[in-house]
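Commentary on secondary and tertiary structure
What follows is each chain in one-letter form.
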Amino acid sequence: MQISTEEMPGGITRVVLDGRMDIAGAAAVDLKMNLIAGSAKKLLVDLEKVAFLGSMGLRSIVTPARAVKSRGGTVVLFAPNEMVESVLKTSGIDTLIPVRHDLDAAIAELG
Amino acid sequence: MRATLTLENGMTVPDQSLTNPDPAWPEPRLTLKSQLEDLTLVWPWVEAIADRYFVPADTQFAIQLCLEEALSNVIRHGYQGQPNQSVSVECAPAVENEGAGELVFIVEDHAPPFDPLASAVDAPAPATASLQEFPPGGQGIRLMRKFASRLAWQQLPNGNRLTLAFAIPQSLSPSVP
């Protein structure tokens, strides 16, 4: 599981997750995700390269998203594959964090 | 060389590989210790099974998802963090007459009786108003209900048995030459 960040125009922090967000993958990114969430105001979580998402992985996304939102920030989930999106929808998290497949739409969502 | 399944009309039969294992084939049973680290053994095991039975990528995703949930539930909640306990998962193909069938995974533990399917958590998504209220737990059962085609729980004399079945598309079934 790889994680990298990129600062985009407009104060957006793009965090790119790459790999499997299973229990091991979630453990591998948790610390960095929480560090990023500690300072990001507009967080774009790029899921395009996430091949798998389990409930532990879901938690690794929800917890930092909650931290950003609790400070008045915004979060968007970007470009999950069909199965990953199905996990997001089954959990209901898509109703609380917007999911966008178009980068412009994702950026617009962050305000 | 891969053997084909022996089929009898209208009957569910075990794959011959289970009785005549080939080293290149995955073991039909995986036994884990009650520690979350051991879950890393599940992925390659399921991957080998998926290769063996021509399981489509989406179904493999569903199997990985459900087994991760089922096994981590046993380790975290069933055994409540006790080390040196064991949980096993066995894979058995169930093939029907027409060649369509399912892959059945049977998870067995020696933990106190707990029926995860009796949980109040059901398929619909939580009606929470905000992210702050999003439930930290309960997702596992909801995900298993969605991604497995069949789930069953049975209390054993000294533990639990959870059966998870996943449909294999007819065209990709191993019974098709």
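In what follows, the structure referred to is the one given above.
Since the model is a prediction, treat every value here as computed from it, not as a measurement. (Residues numbered from 1 in each chain as written. Chains lettered and ligands numbered in written order. Predicted model: local features only at pLDDT ≥ 70, side-chain atom pairs only at ≥ 80, totals over all residues. Heavy atoms only, no water.)

Observations concerning the environment of Val87 of chain A
For clarity, the threshold we go by: Working definition: helices are DSSP H or I runs of at least four residues, strands are E runs of at least two. Numbering for both runs from the N terminus. Contact definition: two residues touch when any of their heavy atoms are within 4.5 Å.
Locating Val87 of chain A in the fold gives a position in helix 3 (residues 82-91). The spacing of Val87 of chain A and Leu58 of chain A is 29 residues in sequence and 8.4 Å in space, taken between C-alpha atoms. The contacts of Val87 of chain A, once residues within four sequence positions are left out, are Leu53 of chain A together with Phe61, Leu65, Leu143 and Phe147 of chain B.

What to know about the sheet that holds strand 5 (residues 159-168) of chain B
Residues and elements named next belong to chain B. Applied cut-off: For two strands to pair, DSSP has to find at least two bridges joining them. In this analysis an axis means a line fitted to C-alpha atoms, helices contributing only their contacting stretch, and an angle means the value between N-to-C directions, from 0 to 180 degrees.
Read across the sheet, 5 strands follow the order 1-2-3-5-4 without closing on themselves; strand pairing throughout is antiparallel. Two strands in the sheet have a free side with no partner beyond their single neighbour: strand 1 (29-33) and strand 4 (150-156). Taken pair by pair, the neighbouring strands of this sheet meet at an average axis angle of 20°, ignoring direction. Where strand 3 (residues 101-109) lies against strand 5, 9 bridges are found, and the strand directions are antiparallel. Its bridge partner lying in strand 5, Leu103 is registered against Phe166.

Concerning the interface of chain A and chain B
Note the threshold: Summed over both partners, the accessible surface that disappears when two parts come together, traced with a 1.4 Å probe, is what is meant by buried area. Here, a salt bridge means any side-chain nitrogen of Lys or Arg that lies within 4 Å of a carboxyl oxygen of Asp or Glu. Definition of a polar contact: a pair of N or O atoms within 3.5 Å, with one able to donate and the other able to accept a hydrogen when the atoms are protein atoms, and with sequence-neighbouring residues admitted only if both atoms are side-chain atoms.
The interface is formed by 28 residues belonging to chain A together with 30 residues belonging to chain B. With both sides pooled, the region where chain A packs onto chain B buries about 2400 Å², and carbon together with sulfur makes up 69% of that total. On the surface where chain A and chain B come into contact, there are 0 salt bridges. The tally of links from chain A across to chain B stands at 2 residue pairs in polar contact (both at pLDDT 80 or more). Among the secondary structure elements, those contributing two or more residues to the side of chain A that touches chain B are helix 1 (23-39), strand 3 (42-53), helix 2 (55-70) and helix 3 of chain A.

Describing the pairing of strand 2 (residues 12-21) of chain A
All names here are of chain A. Rules: Only protein chains enter the area calculation, which uses a 1.4 Å probe; residues under 20% of their type maximum are buried, those over 50% are exposed, and those in between are partly exposed. Clockwise travel from the first strand over the helix to the second, with the strands pointing away from the viewer, marks a crossover as right-handed.
In terms of burial, strand 2 is largely enclosed, as 8 of its 10 residues are buried. In this sheet, strand 3 lies alongside strand 2 in parallel orientation, the contact comprising 9 bridges. Of the residues in strand 3, the one forming a bridge with Met21 is Leu53. In this region the chain leaves strand 2, passes through helix 1 and returns to the parallel neighbour strand 3; the handedness of that crossover is right-handed.

What about the packing of aromatic side chains?
The cut-off we apply is this: Ring geometry is summarised as follows: Phe, Tyr and Trp rings, the Trp one being its six-membered ring, pair when their centres sit within 6.5 Å, and such pairs are stacked at plane angles under 30 degrees, edge-to-face over 60 and tilted between the two. We call a charge positioned above a ring when the Lys NZ or Arg CZ atom is no farther than 6 Å from the ring centre and deviates by at most 35 degrees from the ring normal.
Going through the model one piece at a time under the given rule, you end up with 5 aromatic pairs over all chains. Ring centres of Phe52 of chain A and Trp43 of chain B lie 5.0 Å apart, and the angle between their planes is 85°; this geometry places the pair in the edge-to-face category. Taken together, the residues span two chains, with Phe52 of chain A in strand 3 and Trp43 of chain B in helix 1 (residues 42-52). Since its relative accessible area comes to 1%, Phe52 of chain A is described here as buried. For Trp43 of chain B, a relative accessible area of 13% corresponds to the buried category. Through pairs of rings, three or more aromatic residues link up here, namely Phe52 of chain A together with Trp43, Phe61 and Phe147 of chain B. One cation-aromatic arrangement involves Arg20 of chain A over Trp43 of chain B; the distance from NZ or CZ to the ring centre is 3.9 Å.

Brief notes about the pattern of salt bridges
Residues and elements named next belong to chain B. Here the structure, examined in full by the defined rule, presents 7 salt bridges over all chains. Between Arg150 and Glu102 there is a salt bridge, with the nearest N and O atoms lying 2.5 Å from each other. One end of the pair, Arg150, is in strand 4; the other, Glu102, is in strand 3, and 48 residues separate them in sequence.

Regarding the sheet that holds strand 2 of chain A
Strands pair in a sheet through their backbones, by hydrogen bonds, and they do so in one of two ways: parallel or antiparallel. All names here are of chain A. Across the sheet, which stays open at both edges, the 5 strands sit in the order 1-2-3-4-5 with mixed pairing between neighbours. Two strands close off the open sheet at either side, each with one partner strand: strand 1 (2-8) and strand 5 (99-100). Note that strand 3 and strand 4 (residues 74-78) share 5 bridges and pair parallel. Residue pairing for strand 4: Leu44 is matched across the bridge by Val76.

A word on helix 1 of chain B
All buried positions along helix 1 of chain B are accounted for by Val42, Trp43, Trp45, Val46, Ile49, Ala50 and Arg52 of chain B. Contacts from the buried residues of helix 1 of chain B go to strand 2 and strand 3 of chain A together with strand 1, helix 2 (57-78), strand 2 (86-95) and strand 3 of chain B. Two residues or fewer after helix 1 of chain B comes Phe54 of chain B, characterised by a positive phi angle close to 55°.

Overview of the side chain of Asp46 of chain A
Residue and element names in this part refer to chain A. By the secondary structure assignment, Asp46 is in strand 3. Overall, the relative accessible area of 5% leaves Asp46 in the buried class. Of note is the side chain of Asp46, whose polar atom sits 2.9 Å from the side chain of Arg14. Separated by 3.0 Å, the side chain of Asp46 and the backbone nitrogen of Glu48 make a polar contact. Beyond its immediate sequence surroundings of up to four residues, Asp46 is in contact with Arg14, Val15, Val16, Leu17 and Phe78.

Keep in mind that these numbers describe shape and distance, not what the molecule does.
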